[in-house]
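These are the residues of each chain, in order.
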Amino acid sequence: MTDSNKPLDDEAPASTDRRGFLKAAGLAGAGTVAVAGATHGKFGLAPITAAQADTLSPPRLSEQKWWPSKWGADDQAGASNHMTPAKVLDAIKWIKDGKVYKIGHNYESTMPLFGKRVFTLRIPGSPTGGPFGDNRMVYHDEFVTTEIGQVGTQFDGLGHIGIQLGADGDKRQMHFYNGHAASDFSDPYGLKKLGVENCKPFFTRGHLIDMVAVKGRMMEAGEEIGVADVRAALQKQNMSEADFKAGDAIFFHTGWSSLWGKNNDKYNSGEPGMGLELADWVIQKDLCLTGGDTWAVEVVPNPDKTLAFAVHSTLQTKHGIYNHENLVFDELIADKKYQFVYIFTPVPIVGGTGSPGSPIAVT
Ligand code: UVW
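Residues numbered from 1 in each chain as written. Predicted model: local features only at pLDDT ≥ 70, side-chain atom pairs only at ≥ 80, totals over all residues. Heavy atoms only, no water.

Student: Sorry if this is basic, but what is going on with helix α9 (residues 310–319) here?
Tutor: For an α-helix, the turn length of 3.6 residues means that residues three or four places apart are oriented alike. Counting buried positions along α9 yields 10 of 10 residues, so the element is predominantly enclosed. Positive phi appears at Gly 320, one or two residues downstream of α9, with a value of about 65 degrees. (Buried < 20%, exposed > 50% of the residue type's maximum accessible area, 1.4 Å probe, protein only. Helix = DSSP H or I, 4+ residues; strand = E, 2+ residues; numbered from the N terminus.)

Structural data, given as structure tokens:
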């Protein structure tokens, strides 16, 4: 990792030596798995034991303090701060055809859901109301029960992923983007900080990496996308690393979305995706967002069996770089359109952890 934040001296428990802190960090990983609940033991995410933690070689992910953010100590918008008028005017140069591609899935009860999340829709009364007036108007409303920002095509806000640095249950030591501690903002009626409403709408250049073309097949669960893979895809697509500018977004087509609604068990069983090497590259390129045709956009299980969703923790928690999950790129791939304007306005649910919605790519 080239992550160069300063050590967490002021956060380590007073009585903890380096070895002890590594152990705490390892057990924090176990806590993360417990949050995943139903996935315990799945994806190779079994919690590490204290004995395993003792053998971990430094530096561990959670050893370093990642705040204050480069966007300011009070910032809650993270990498969406890249969305400036200059960025929009630069991005718009990529619109040549006037063609709009829908890159999100429809929302329906048959979509694959992570863990025990649900999606149910009812039309109360059906019709819900009316008739009104002499014109006899009737109407339908929908009633939806779901984890609204974390099902289907979903955009992770910065209140979604944190890192537990202390003991289980110690919310003062559960830190999120910009160091915000769960003790300061977590609330059953909506997050008091880092709610998705703080994110600025996206209108930026998007680069699509076609891993299916690189591999000649759909990628498999646990298969990591590295920097060399991205370079191979760029070469195949007549693109270059120099095309990436600060504030751009990168997307990965792995073929995994072909399982969507057809083999949900396999879709949910793990996934191919980014590893930490590539996460570092994303940080170096100063991108605003990653996205993919999988439910986490990162490799699951991680080839390093002691890690769980480490790319989420690195990009979202430590760098405020957003993640857009469960996308679909088939039409862009069919048209060989690998560069476009990515447009997405997160639904500003006050205190929400994420957002549903219908992102588009415009060429
Ligand atoms: C978790 O919520 C654990 O993952 P994701 O952001 O991929 O839904």
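Student: Just to check I follow, could you spell out the site of the ligand for this structure?
Tutor: The full set of residues close to the ligand is Phe 114, Arg 117, Gln 150, Gln 154, Asp 156, His 160, Trp 295, Ala 296, His 312 and Glu 325. A distance of 3.2 Å separates an oxygen atom of the ligand from a polar atom in the side chain of Gln 154. Within the side chain of His 312, one N or O atom sits 2.9 Å away from an oxygen atom of the ligand. The fraction of the free accessible surface of the ligand (260 Å²) that becomes covered by protein chains is 92%. Across the shell around the ligand, the residue classes tally to 3 nonpolar, 4 polar and 3 charged. (Near = heavy atom within 4 Å. Polar contact = N/O pair within 3.5 Å; in protein donor to acceptor, adjacent residues only side chain to side chain. Areas by Shrake-Rupley, 256 points an atom, 1.4 Å probe, with all protein chains shown as cover. Nonpolar A, V, L, I, M, F, W, Y, C, P; charged D, E, K, R; others polar.)

Student: Sorry, what's going on with the sheet that holds strand β11 (residues 249–253) here?
Tutor: Sheets are built from strands paired through backbone hydrogen bonds, the pairs being either parallel or antiparallel. Reading across from one edge, β1-β17-β15-β9-β11-β13-β14-β6-β16 is the order of the 9 strands in this open sheet, with mixed pairing throughout. In this open sheet, the two edge strands, each paired with only one partner strand, are β1 (100–102) and β16 (354–355). Here strand β9 (residues 202–210) pairs with β11 via 5 bridges, running parallel. When the bridges of β11 are listed, Asp 210 appears paired with His 253. Each of β6 (154–156), β13 (289–292) and β14 (322–325) touches α9; the most contacted strand, β14, lies at about 130 degrees to it. (Pairing = 2+ DSSP bridges. Contact = heavy atoms within 4.5 Å. Axes fitted to C-alpha atoms, helices over the stretch in contact; angles between N-to-C directions.)

Student: When you look at the state of the cysteines in this model, what are you seeing that I'm missing?
Tutor: Tallied over the entire structure, the rule returns 0 disulfides. You can see Cys 199 has no disulfide; the closest cysteine sulfur is in Cys 288, sitting 8.8 Å from it. Take Cys 199: its relative accessible area is 10%, and that puts it in the buried class. (Disulfide = S-S within 2.5 Å.)

Student: What am I meant to see in the packing of helix α6 (residues 227–236) against helix α8 (residues 276–285) here?
Tutor: Two packed helices can be described by the angle between their axes and the distance between those axes. Interhelical geometry of α6 versus α8 gives an angle of 65 degrees and a closest axis separation of 8 Å. Where α6 abuts α8, its residues Val 227, Val 230 and Arg 231 lie against Glu 277, Leu 278 and Trp 281. Among the residues making up the contact of α6 with α8, the classes are represented as 4 nonpolar, no polar and 2 charged.

Student: Help me out: how do you make sense of the packing of α8 against α9 in this one?
Tutor: Contact pair α8 / α9: the axes reach a minimum separation of 9 Å and the direction vectors enclose 20 degrees. Of the possible angle classes, the one that applies to α8 and α9 is roughly parallel. Crossing handedness for the pair α8 and α9: right-handed. Across the interface between the two elements, Leu 276, Ala 279, Val 282 and Ile 283 from α8 touch Ala 310, Val 311, Thr 314, Leu 315 and His 319 from α9. When its residues are assigned to classes, the contact of α8 with α9 shows 7 nonpolar, 2 polar and no charged. (Parallel < 35°, antiparallel > 145°, perpendicular 65-115°, else oblique. Left-handed = near helix turned anticlockwise from the far one by under 90°.)

Student: Which parts of the structure should I look at to understand the pairing of strand β15 (residues 339–344)?
Tutor: For a regular strand, side-chain orientation follows a simple rule: the groups alternate between the two sheet faces. Relative to β15, β9 runs antiparallel, the two sharing 6 bridges. Each bridged residue has a counterpart across the sheet, and for Thr 204 the counterpart in β15 is Tyr 342. As paired strands, β15 and strand β17 (residues 360–362) are joined by 3 bridges and run antiparallel to one another. When the bridges of β17 are listed, Ile 343 appears paired with Ile 360.

Student: Whenever I open this one, α6 confuses me. Can you help?
Tutor: Buried residues of α6: Val 227, Asp 229, Val 230, Ala 233 and Leu 234, and no others. Here the buried residues of α6 occupy an arc of 155 degrees about the axis, which is enough to place them on one side. Away from its buried face by more than 90 degrees, α6 exposes Ala 228, Gln 235 and Lys 236. Residues of α6 that are buried make contact with β9, α5 (211–215), β10 (224–225), β11 and α8. Asn 238 sits one or two positions beyond α6 and adopts a positive phi of about 55 degrees. (Arc of directions from axis to C-beta.)

Student: What exactly am I supposed to notice about the packing of aromatic side chains here?
Tutor: Geometrically, a pair of aromatic rings is defined through the distance of the ring centres and the angle of the planes. Within the structure shown, the criterion is met by 18 aromatic pairs. Ring plane angle 75 degrees and centroid distance 6.2 Å describe the contact between Phe 114 and Phe 309, whose orientation is recorded as edge-to-face. Of this pair, Phe 114 sits in the loop between β1 and β2 (119–122) while Phe 309 sits in the loop between β13 and α9, and the two are 195 residues apart along the sequence. A relative accessible area of 18% places Phe 114 in the buried class. Aromatic side chains Phe 155 and Tyr 322 sit 5.1 Å apart centroid to centroid with 15 degrees between the ring planes, which places their arrangement in the stacked category. Here Phe 155 is found in strand β6, whereas its partner Tyr 322 is found in strand β14, with 167 residues between them in sequence. Tyr 322 carries the same exposure label as Phe 155, and that label is buried. (Phe/Tyr/Trp six-rings, centres within 6.5 Å; stacked < 30°, edge-to-face > 60°.)

In short, shape yes, function no, at least from these values alone.
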